[in-house]
Amino acid sequence: MFTKKQKVKKTIYSCAFVFALIFVSSCGSNTNNNTEYEKLVKTAVAKELSPIKEKFFPAIIEEAQEVNLAFRVAGPIFKVHVKEGQYVKKGQLIAEMDSRDYVVQKSAAEAQALQLKSEFERVEELKNRNSVSENDYEKMKAGKEMAEAKYKNTVDQLNDTKLYAPFSGYITEVMFKNGELVNHGTPIVSLVDVSLLKVVIDVPASMYIKKNAITNIECTQENIQNETFPLTLYSNNIKANNNGLYKLYLYHSPRAGSKLAPGMNVSVNISFKAYEAPIVSIPVTAIFEKNGNSFVWVVDNNVVKSRQIET
């Protein structure tokens, strides 16, 4: 691979190198006959190479996120509505707890809040007529607000007896069965998000430096024939690891029916612009040295001329 000299234009039609020059003289009795012989040379076309290069890196497909879903309250599980491997949509009911105790708490808190609200309204009317002290008024007001906050908390706890999917994905594990008693924060099911698939690769400094020159990224899977999957670079680690490699974080937006899945091994193909100046490729045997410079024979309109080049 060689770079063009500035004076060498793209009018080079082919680069010729000497393959064999054989001259044959006749041994016949007529030595006065003038016979013309053609000089045979082998030619090769000079080709301008594409500046786009490719690098391949091994990687493993990962899910966008995986979370363990848990109730925010404690109690016995009434029913788990999903199974392992099932696809669920965002907002779908995953499991629910026996809410009997929380219904009772809500009712009691609601009754207390309504009572204190009624008492506060009477005290407020007396205050407007200057028939109650400011201190008693503030105490009643604080009591009403505390009762209302307690009621709101019981409403939230009752709502928390039902567990919903925070995003669409697949159930990978169900950890408890109906009727089992669980504490708040105890994982009930595991949910993975595959709306995006992540790919993390380790690249050397030479590739990290050219990350802004990347023109295309895609991956292939050895068991999925004749199909490539586009990847997008969304982040990178600015610090190298102990092996001197930098992490590039990629993602893939799977189409409906995509065959890629978390855990698969893939080969990531990164295409990047390796250089700016045009590069011409010729056979190395086409070059000869003369006076310390490099030359090639160039065929132009059936005339062979030597031309100096820079390698």
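Description of the structure in this document. Being a predicted model, the structure only gives us computed values, none of them experimental.

## Overview of helix 1 (residues 100-128)
Right, so step 1: Look at helix 1: 43 Å from first C-alpha to last across 29 residues, which is about the 42 Å you get at 1.5 Å a residue.
Right, so step 2: Regarding helix 1, the residues found buried are Tyr102, Ala109, Ala113, Leu116, Phe120 and Val123.
Right, so step 3: Lining the buried residues of helix 1 we find strand 8 (93-97) and helix 2 (134-159).
Right, so step 4: Just beyond helix 1, the residue with positive phi is asparagine 130, at close to 60°.

## Describing the pattern of salt bridges
Right, so step 1: Within the structure shown, the criterion is met by six salt bridges.
Right, so step 2: Between aspartate 156 and lysine 152 there is a salt bridge, with the nearest N and O atoms lying 3.2 Å from each other. With aspartate 156 and lysine 152 both in helix 2 and four residues apart, the pair spans about one turn of that helix.
Right, so step 3: Taking the relative accessible area as the measure of exposure, lysine 152 reaches 51% and is therefore exposed.
Right, so step 4: As a salt-bridge pair, glutamate 227 and arginine 255 come within 3.8 Å of each other at their nearest N and O atoms. Of the two residues, glutamate 227 sits in the loop between strand 13 (214-220) and strand 14 (229-230) while arginine 255 sits in the loop between strand 16 (246-252) and strand 17 (265-273), which places them 28 residues apart along the sequence.

## Concerning the sheet that holds strand 6 (residues 75-80)
Right, so step 1: Judged by pairing direction, the sheet is antiparallel, and its four strands sit side by side in the order 9-8-6-11 without closing on themselves. Unpaired on one side and paired on the other, strand 9 (162-164) and strand 11 (181-182) mark the two borders of the sheet.
Right, so step 2: With three bridges joining them, strand 8 and strand 9 adopt antiparallel strand pairing. Considered in strand 9, the bridge of alanine 95 is made with leucine 163.

## Considerations on the nonpolar core
Right, so step 1: Ranked by size, the top nonpolar core spans 23 residues in total, and within it Val199, Ile201, Val203, Leu260, Val268 and Ile270 carry the most contacts.
Right, so step 2: Of all the elements in the fold, those that place two or more residues in this core are strand 5 (52-70), strand 12 (187-203), helix 3 (205-209), strand 13, strand 16 and strand 17.
Right, so step 3: Among the nonpolar cores identified, the runner-up in size contains 20 residues, and Phe71, Ala165, Val189 and Leu191 belong to it.

Quick notes on the rules
Residues numbered from 1 in each chain as written. Predicted model: local features only at pLDDT ≥ 70, side-chain atom pairs only at ≥ 80, totals over all residues. Heavy atoms only, no water. Helix = DSSP H or I, 4+ residues; strand = E, 2+ residues; numbered from the N terminus. Expected span 1.5 Å × (residues − 1). Buried < 20%, exposed > 50% of the residue type's maximum accessible area, 1.4 Å probe, protein only. Contact = heavy atoms within 4.5 Å. Salt bridge = Lys/Arg side-chain N within 4 Å of Asp/Glu carboxyl O. Pairing = 2+ DSSP bridges. Core = buried A, V, L, I, M, F, W, Y, C linked by side-chain atoms within 4.5 Å.

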